[in-house]
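Chain and residue survey
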Amino acid sequence: MMGSCVVPVLIGLILLQIHKISECHKIEVTPDPGTTVHFIKKADQGQDCDVCKDEGPSQTCNSKLDLTEAQPTIVTFNCSQPGDVFTVEINQKIDCSPTACSIIAAHPDSTRFLEFSRTFNWDLKVQPSQMFQLDFPAPGMRQIKPSESCPDKHTYTFITYQRLGPISIGTFCRNGTISRIQALFKGRVSLEVQKGTDLNPSDFKVSIGPDTKALVVVDVKLPRGLSSTDFFTPNYDTGYYSEEKIKWNFAVEPMQNFTVLFQHYTLPECKINKVLVDYTLADKTSFTKEPKDIQPTNKQGDFSLTLTNCEPKKVPGLSLNINVAVFRGGTPYLCTADLRNEEGLSLQIENKNPESYCEMSLNSVAQEKIVVPAGTKADLSFLDCPVEDLQLTATQTYDYPRASPLDTRHQSLSIPTLDPSLHVPLHQFTWLLRVLDQSTVDLTAPNINLHQSVPDKECNERVSLLVSETDGSNIGQFCSMAGGAIQKIQVKGNVSITVTPNTIKDLSQEKELLRVTMSPEITENVIYTVSPLVSGSMYLATPNWPNGMNPSSSVTWIVGVPQEHRAELQFTNFSKPICDSGHTEIAIRPLDSRGQPQTWREDHSFANTIIQQQSFYLNMSNCEPKSGHFAVLSKVTLYKETKNFLSIILAVVGVLFLLLIIALIVVCVIRKRKNKPKTNRSSIFLPRGKAFLPGNATFPKSRADNESHVYASIDDPTMYGNYADKNQPAEIDNGAWSNGHQMDAYRPFTGPSDSIPSAKDSSVEYSIEGRGGDRDAYQPFLNPPNTFNLPRPRSPLVSQGSLRFEDRRMIDNELHTFKSFGDINPIRLSADESRLQPQMESDTDSNAEPEYEEAI
């Protein structure tokens, strides 16, 4: 019966032991050299939880554990949440009494003991007559009341040990104005970090400070600008009873004024002396005041405040809260910024020189940067702000409705006139052009073309225009100049245009810079319309050059080529990406779309030079890059179209040579005709009617004006005897040769003959065909003998105008014999002789004879 009861008890004890073992928390701790680790149970914790050292039979458990040896130790807690019961203190000793020292008090590993509330203590020791000095890294320490806590859960406490006991110098947080603390003899620096908070190290430097007569010396560096800082006397909550002095040294920035105010203080009942406050200013001026007096107000420069306590009779002790306010002195410059009448205009002013003592205010509130929203009015003040240190930027926003193809109105982008009282120069002006979907912004210069700034040809004009897309990517830097070639820039979507000065200091004097027109949406991201210079080169840069185009974006240039010119396109600088999807592409095609386009991808090599005889499109599109970027810089140069001057010169020479040949032929013909002898004059036959000249004989005068037809007498031997060719042989010289030609001898007409009828009216034409054979008195004249070799009679040697002129063929003719050598009786053969114009006939004789000289 009894054994049955013992078994359940044993089982319960075993289960309880198992439960206790399962609730145990075990950690391994290794203290740093010169460091001790203490596990201390909180005073208000009555939970049954102990801390144990080691394991097995040597394990010892207690409510407190101290680890001093720098070796691994197993620490076990017999509860599951030891951080709620125990705290951890990590102590380190720094002894500077034997020799001078300068030690960096480093924090331990920040990842240890996160489940505990931790306190890190540094015990400091120097010679009794010396002071230890603590230098804190920027931005220093800020003193708070002992009842307060720090926002970052890192709270520092400084204690000095004196003969009367420990004195708390104060409680501090990081990020303050205190840069150094000095205390006499021995002291402790404590850092409390709450449970679950990561340790944020803030190491400080420990050294021996200079000799002083004060118990504690606090160095303060007051910030620039408006500030208010509190400081508290030691043992602020319980009171300070020591007669030792407490000193604060304040460093004040130039151009700053300070005011000291004792906000809260409790004065002891003094046995001997009084509580006094001694001031020493930067100009070495010293004065003493009591806490109830008015403290220094609106002073400038560094100063020190030394508090001297009296010997109090009893509680309470001295408790004093010192407030030091810093503000700017001097008279500020006041002005007004009224933006209520300017559409979408906002201003921003900032001090670009952090070393200056400028203080700016917006509506009487100090600001590091002044921002005046659009449509508002603001009062501004500037104190000790040089104009060259201030930077004014303005932004103006325009919202445009949906574009219409019929709407050709444009808006001028001009910098508005600001309030003249705002003396700050305008450094930068930005337009934000916001459009609805399916719209395009067209940008043109008002007077001259735009030029894109590239390394080989940068913008050096008065101002530069940075055109960007709304996503922040730049399209390019542009300027208006006489040598510009960009007539229009079209950007799909919203556009940002920023104006910055190049050769001027103030943009407020600039007038119209651009013109904006809305147009329907385009397929490309950017389109340029360019007209290359006739002399010189033009550069085309992809958007955001040289950093590369946006992924899956495109750009097009519409390049106009004048008539009688050709364009030479070169890719002077380019970078190709490795595409993740798609391909980069460069395409060139004529503007009339009738020619075949030329295309290249990133895996193709570009042509060095491309010649275009007419206006053309140049399109570039980017892929989704895997690495690298797509950027191209092109150069377009125009050349005058040169024709084939060699062929022209040869054609002209050929024509001139042909004309020369023709001219030579004409000259030769003319000279030949001039040099050809005239036809020998023949005797004149006078038929009925008008005079008739056989052959092509000519007269120097008309028959009416000369005496060539008057014969005094005719002597055959005399007139024709010398016609015989004396050069002919005698055996053949039988009178059949005359003037080098063989001829028959004259034979009288033996046929029937009638009397010559009387001449009819001279106005009647005489017809040879109508003359009968029986009516002609001299038939051989019209029908010469067969022996006559020449087609017509030759002219005699004797001039026809001479009396010696005789024609042997007319010797027996009545016309030949009707005169004698008697008296001259001139007979005019015909009255119509003057109207007869002899005609020249071409000589059919291949051997022309020289003209005979007139016989005298």
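Owing to the predicted nature of the structure, the values given are computational and were not obtained by experimental measurement. (Residues numbered from 1 in each chain as written. Predicted model: local features only at pLDDT ≥ 70, side-chain atom pairs only at ≥ 80, totals over all residues. Heavy atoms only, no water.)

1. Section: the sheet that holds strand 1 (residues 25–29)
Picture the strands of a sheet paired through backbone hydrogen bonds; they go either parallel or antiparallel. Our working definition: The rule for pairing is simple: two strands pair if DSSP sees at least two bridges between them. Helix and strand assignments follow DSSP, with helices taken as H or I runs no shorter than four residues and strands as E runs no shorter than two, numbered in order from the N terminus. Axes here mean lines fitted to C-alpha atoms, for a helix over just the part in contact, with angles spanning 0 to 180 degrees between N-to-C directions.
Reading across from one edge, 1-6-3-4 is the order of the 4 strands in this open sheet, with antiparallel pairing throughout. Bordering the open sheet on either side are strand 1 and strand 4 (60–62), each of which pairs with just one other strand. Strand after strand, the sheet turns through a mean of 25° between neighbouring axes, direction not considered. Pairing of strand 3 (residues 51–53) with strand 6 (residues 73–77) involves 3 bridges; the strand directions are antiparallel.

2. Quick look at the environment of His 427
Here is the rule: Should any heavy atoms of two residues lie within 4.5 Å, those residues are considered in contact.
Locating His 427 in the fold gives a position in strand 36 (residues 426–434). As a C-alpha pair, His 427 and Ile 349 span 78 residues in sequence and 9.9 Å in three-dimensional space. Residue contacts for His 427: discarding those within four places in its chain leaves Gln 391, Leu 392, Val 499, Thr 500, Pro 501 and Leu 507.

3. Quick word on the side chain of His 154
Worth spelling out the cut-off: For the exposure calls, accessible area comes from a 1.4 Å probe over protein chains only, and a residue counts as buried if that area is under 20% of its type's maximum, exposed if over 50%, partly exposed in between. Counted as a polar contact is a pair of N or O atoms within 3.5 Å, where, for protein atoms, one must be capable of donating a hydrogen and the other of accepting one, and residues adjacent in sequence contribute only when both atoms are in side chains.
Inspection of the secondary structure assignment puts His 154 in strand 12 (residues 154–162). With a relative accessible area of 2%, His 154 lands in the buried category. A distance of 2.8 Å separates a polar atom in the side chain of His 154 from the backbone oxygen of Asp 152. In this structure the side chain of His 154 is engaged in a polar contact, spanning 3.0 Å, whose partner is the backbone nitrogen of Asn 200. Setting aside residues no more than four positions away along its own chain, His 154 makes contact with Phe 172, Cys 173, Arg 174, Leu 191, Glu 192, Val 193, Thr 197, Asp 198, Leu 199 and Asn 200.

4. Quick look at the environment of Lys 314
Structurally, Lys 314 can be placed in the loop between strand 26 (311–312) and strand 27 (319–328). Overall, Lys 314 belongs to the exposed group, its relative accessible area being 54%. Separated by 46 residues in the primary sequence, Lys 314 and Pro 268 place their C-alpha atoms 7.5 Å from one another. Ignoring any residue separated from it by four or fewer positions in sequence, one finds Lys 314 in contact with Tyr 241 and Glu 269.

5. Overview of the packing of aromatic side chains
To keep things clear, this is the line we draw: In this analysis, rings of Phe, Tyr and Trp, with Trp reduced to its six-membered ring, are considered paired at centre separations within 6.5 Å, and the interplanar angle assigns stacked below 30 degrees, edge-to-face beyond 60, and tilted for intermediate values.
If you walk through the whole model with that rule in mind, you get 19 aromatic pairs. Between Trp 122 and Phe 204, the aromatic rings sit 5.3 Å apart at their centres with planes inclined by 80°, giving edge-to-face as the arrangement. Placement of Trp 122 in strand 9 (residues 117–125) and of Phe 204 in strand 16 (residues 204–209) is noted, with a sequence separation of 82 residues between them. Like Trp 122, the residue Phe 204 is buried in the burial classification.

6. Digging into a nonpolar patch on the surface
Counted only if it meets this: Residues form patches when they are more than 30% accessible in relative terms and have no salt bridge. Like charges link within 9 Å. Nonpolar side chains (Val, Leu, Ile, Met, Phe, Trp, Tyr) link within 5 Å. Surface accessibility follows the Shrake-Rupley procedure with a 1.4 Å probe radius. Residue values consider only the protein chains on display as shielding. In what follows, salt bridge is the name for a side-chain nitrogen of Lys or Arg lying within 4 Å of a carboxyl oxygen of Asp or Glu.
A contiguous nonpolar patch, built from Ile 648, Val 652, Val 655, Leu 656, Leu 658, Leu 659, Ile 662, Val 666 and Ile 670 and spanning about 790 Å² of accessible area, is present on the exposed surface. Structurally, Ile 662 can be placed in helix 2 (residues 645–675).

7. Focus: the environment of Leu 222
Take Leu 222: it is sitting in the loop between strand 17 (214–221) and strand 18 (227–232). As for Leu 222 and Ala 251, which are separated by 29 residues in sequence, their C-alpha atoms are 6.0 Å apart. Not counting residues up to four positions away in its chain, the partners in contact with Leu 222 are Thr 229, Phe 250, Ala 251, Val 252, Glu 253, Val 324 and Val 326.

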